[in-house]
Amino acid sequence: MRAIVAIHDTRMGPALGGWLVSTSYVWPFTMTAVFLLLSAVPLVFVRAQLGREALPAENEKFPVRPAVLVYLTGIFFVECVMSEIIAHLSLYMVGMRGLSEIRLGWLYTLNGVLVVAFQVTVMRRMSGVGYLRILTLVSISYFVAYVFLGAGDGYVWAAVAMVLITGAEVLVAPPMLALAERLAPEGRSGRYLGMAGVALS
């Protein structure tokens, strides 16, 4: 559920940002700076409340199995593909395909609306499917989506490709984090989720 909420947040951001940049880049940059500054306040408060007693001992060790390293490498590459929608997709559509910034904003809005509308429903229906199978399906879906985007031309093709990319997004993030927790030994869930977070950043 935490992963689903996080996806909603990250997808509504591009949707709102796409609408804002249709008029000016000043507002998105200003809002980003303000929100980042405000986000530091609860982090400082939580750190002060935890104190040093919550930190692990310096000499404490926990070995990481090779299968976990393979998993972390895999989700790192998946995240690299996921990040294409934020930077390179916009540069490609506007700079090379000549799409207007307003129309690009509507594509990101479509992405955000679809994720918010279908994330919970899709994950419930996929609850009986193994995490590795979902991640395999996601990899294939991203491949098809970006081939479709590169092979086609026009706004309709871009919209269909965005739907395919969004479908992969809807499936990918919750299993990536849930699998990290499943792979973790008893009492190490937080650390494994932290390693997954580093791989996904």
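These figures come from a predicted structure and were not determined experimentally. (Residues numbered from 1 in each chain as written. Predicted model: local features only at pLDDT ≥ 70, side-chain atom pairs only at ≥ 80, totals over all residues. Heavy atoms only, no water.)

1. Details of the overall build of the protein chain
Then, number 1: From N to C terminus, the protein chain includes eight helices and zero strands.
Then, number 2: Helices and strands in the protein chain line up, N terminus first, as α-α-α-α-α-α-α-α.
Then, number 3: Per-residue burial for the protein chain yields a buried fraction of 32% across its 201 residues.
Then, number 4: Within the protein chain, residue pairs in contact and separated by at least 24 positions form 78% of the contacts whose partners lie at least 6 positions apart.
Then, number 5: When the accessible surface of the protein chain is totalled, it reaches about 12,600 Å², and 71% of it is carbon and sulfur. (Helix = DSSP H or I, 4+ residues; strand = E, 2+ residues; numbered from the N terminus. Buried < 20%, exposed > 50% of the residue type's maximum accessible area, 1.4 Å probe, protein only. Contact = heavy atoms within 4.5 Å. Areas by Shrake-Rupley, 256 points an atom, 1.4 Å probe, with all protein chains shown as cover.)

2. Section: helix H7 (residues 155-183)
Then, number 1: For H7, with 29 residues, the first-to-last C-alpha span of 42 Å sits near the 42 Å given by 1.5 Å per residue.
Then, number 2: At Val172, H7 is deflected by roughly 25°, the largest bend along its length, and proline Pro174 occurs up to four residues later in sequence. (Expected span 1.5 Å × (residues − 1). Bend = angle between axes of the 7 residues up to and from the residue.)

3. Things to note about the side chain of Thr166
Then, number 1: Mapping Thr166 onto the fold places it in helix H7.
Then, number 2: Here Thr166 is in contact with Asn111, Leu114 and Val115, once residues within four sequence places are set aside.

4. Looking at the packing of helix H6 (residues 131-151) against H7
Then, number 1: With their axes 8 Å apart at the nearest point, H6 and H7 run at an angle of 155° to one another. The orientation of H6 with respect to H7, classified from their angle, is roughly antiparallel. Seen along the crossing, H6 lies across H7 with a hand that is left-handed.
Then, number 2: Here the contact of H6 with H7 is composed, by residue class, of 25 nonpolar, one polar and two charged. (Axes fitted to C-alpha atoms, helices over the stretch in contact; angles between N-to-C directions. Parallel < 35°, antiparallel > 145°, perpendicular 65-115°, else oblique. Left-handed = near helix turned anticlockwise from the far one by under 90°. Nonpolar A, V, L, I, M, F, W, Y, C, P; charged D, E, K, R; others polar.)

5. Some points on the environment of Leu149
Then, number 1: Checked against the element boundaries, Leu149 lands in helix H6.
Then, number 2: C-alpha of Leu149 to C-alpha of Ala161: the two residues are 12 residues apart in sequence and 5.4 Å apart in space.
Then, number 3: With residues near it in sequence (within four places) discarded, Leu149 still touches Leu89, Tyr92, Met93, Arg97, Ala158 and Ala161.

6. Brief notes about the environment of Gly194
Then, number 1: For Gly194, the position within the fold is in helix H8 (residues 189-199).
Then, number 2: Judged by relative accessible area, which is 35%, Gly194 ranks as partly exposed.
Then, number 3: Put simply, Gly194 and Glu181 are 13 residues apart on the chain and 9.9 Å apart in space, counted from C-alpha to C-alpha.

7. Thoughts on a nonpolar patch on the surface
Then, number 1: Side chains of Ile140, Phe143, Val144, Val147, Val156, Val160 and Leu164 sit close together on the surface and give an oily, nonpolar patch of about 610 Å² of accessible area.
Then, number 2: Per element, the largest residue contribution to the nonpolar patch is four residues, and it comes from H6.
Then, number 3: Within the secondary structure layout, Val160 lies in helix H7. (Patch = residues over 30% accessible without salt bridge, like charges linked within 9 Å, V, L, I, M, F, W, Y side chains within 5 Å. Salt bridge = Lys/Arg side-chain N within 4 Å of Asp/Glu carboxyl O.)

8. Structural notes on the packing of aromatic side chains
Then, number 1: As enumerated under the stated definition, the model contains three aromatic pairs in all.
Then, number 2: Aromatic side chains Phe76 and Phe77 sit 5.5 Å apart centroid to centroid with 65° between the ring planes, which places their arrangement in the edge-to-face category.
Then, number 3: According to the relative accessible area criterion, Phe76 is partly exposed, its value standing at 40%.
Then, number 4: Measuring from ring centre to ring centre gives 6.3 Å for Tyr142 and Tyr146, while their planes differ by 20°; the resulting arrangement is stacked. (Phe/Tyr/Trp six-rings, centres within 6.5 Å; stacked < 30°, edge-to-face > 60°.)

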